[in-house]
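# Residue-level structural notes
Given next are the chains, with one letter for each unit.
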Amino acid sequence: MYLDKALLFSHAQKITKSEASDNILDLGGMEGTGMPVFPTVQVVEGFAGIETLTVHIQSSNADKSVADLAESDWQTILSSQTLALKDVAKPCSLVFGSLPPKAGKYLRVYYEIDAGAETQGAAVKGAITAGLVLDRQG
């Protein structure tokens, strides 16, 4: 699978807490062009110190610059299933359907980590590469 740097949300981004992707994609005039586009999310370094991971694809249509976007401007349009540590302890790929035709002007990925009581105090580690592709792999 080929990943275009301009369509990457995260490149081997270290995830240590619930957080957004390093990059926000500005789709601008590309919104709703009719060609299916698929999010791809790869755990490139297995996770430790968590109970679960859920990956959310989020969009915003706020009439603001990327720098001015607030957390309240984002809404989830696709989510992975909640994955237990055993599912992401080793490198793996998560499968998503295509983005909705009117996905929004801005897109990002939000990585939701539940450290849970059993892993309290353990160092959370893991890394993810995420982007958009024209063909779903699998």
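Here, the structure is the one placed above.
In this report, we go over the structure that sits alongside the text. Just so it is clear, the model here is predicted, and its values are computed rather than measured. (Residues numbered from 1 in each chain as written. Predicted model: local features only at pLDDT ≥ 70, side-chain atom pairs only at ≥ 80, totals over all residues. Heavy atoms only, no water.)

### Topic: the overall build of the chain
Scanning the chain for helices and strands turns up one helix and ten strands. Along the chain, from the amino end to the carboxyl end, the secondary structure elements read β-β-β-β-β-β-β-α-β-β-β. Across the 138 residues in the chain, those meeting the buried criterion constitute 41%. Of the contacts made within the chain by residues no fewer than 6 positions apart, 81% connect residues no fewer than 24 positions apart. (Helix = DSSP H or I, 4+ residues; strand = E, 2+ residues; numbered from the N terminus. Buried < 20%, exposed > 50% of the residue type's maximum accessible area, 1.4 Å probe, protein only. Contact = heavy atoms within 4.5 Å.)

### Quick look at the side chain of Ser21
Within the secondary structure, Ser21 sits in the loop between strand S2 (19–20) and strand S3 (25–26). Ser21 has contacts with Phe9, Ser10, Gln13, Arg108, Val109 and Tyr111, leaving out every residue within four places of it along the chain.

### A word on the pattern of salt bridges
Here the structure, examined in full by the defined rule, presents five salt bridges. Among the salt bridges present, the one from Arg108 reaches Glu71, with a minimum N-O distance of 2.8 Å. Within this pair, whereas Arg108 is found in strand S9 (residues 106–114), its partner Glu71 is found in the loop between strand S5 (52–60) and strand S6 (75–79), the two being separated by 37 residues in sequence. Here Arg108 falls in the buried class, since its relative accessible area comes to 5%. One salt bridge in this structure joins Asp87 and Lys86, with 3.4 Å as the shortest N-O distance. The class of Lys86 is exposed, set by a relative accessible area of 69%. Through salt bridges that share partners, Lys14, Glu45 and Lys125 make up one connected network. (Salt bridge = Lys/Arg side-chain N within 4 Å of Asp/Glu carboxyl O.)

### A few points about the sheet that holds strand S4 (residues 38–48)
Across a sheet, strands are paired by hydrogen bonds formed along the backbone, either parallel or antiparallel in direction. Sheet architecture is open: four strands sit in the order S1-S10-S4-S8, paired in antiparallel fashion. Unpaired on one side and paired on the other, strand S1 (8–14) and strand S8 (92–95) mark the two borders of the sheet. If you compare each strand with its neighbour and ignore which way they point, the axes differ by 20 degrees on average. The sheet contact formed by S4 and S8 spans four bridges and is antiparallel. The partner of Val43 across the bridge, within S8, is Cys92. (Pairing = 2+ DSSP bridges. Axes fitted to C-alpha atoms, helices over the stretch in contact; angles between N-to-C directions.)

### Observations regarding the nonpolar core
Counting residues in hydrophobic clusters, the biggest one holds 26 residues, and the most contacted among them are Phe47, Leu53, Val55, Tyr111 and Ile128. When residues of this core are traced back to their parent elements, those giving at least two are S4, S5, S9 and strand S10 (125–133). The greatest single-element share of this core, amounting to four residues, is contributed by S9. Residues within four places of Ile128 in sequence aside, it is in contact with Ser10, His11, Ala12, Gln13, Ile15, Val41, Gln42, Val43, Val44, Phe47, Leu53 and Tyr111. (Core = buried A, V, L, I, M, F, W, Y, C linked by side-chain atoms within 4.5 Å.)

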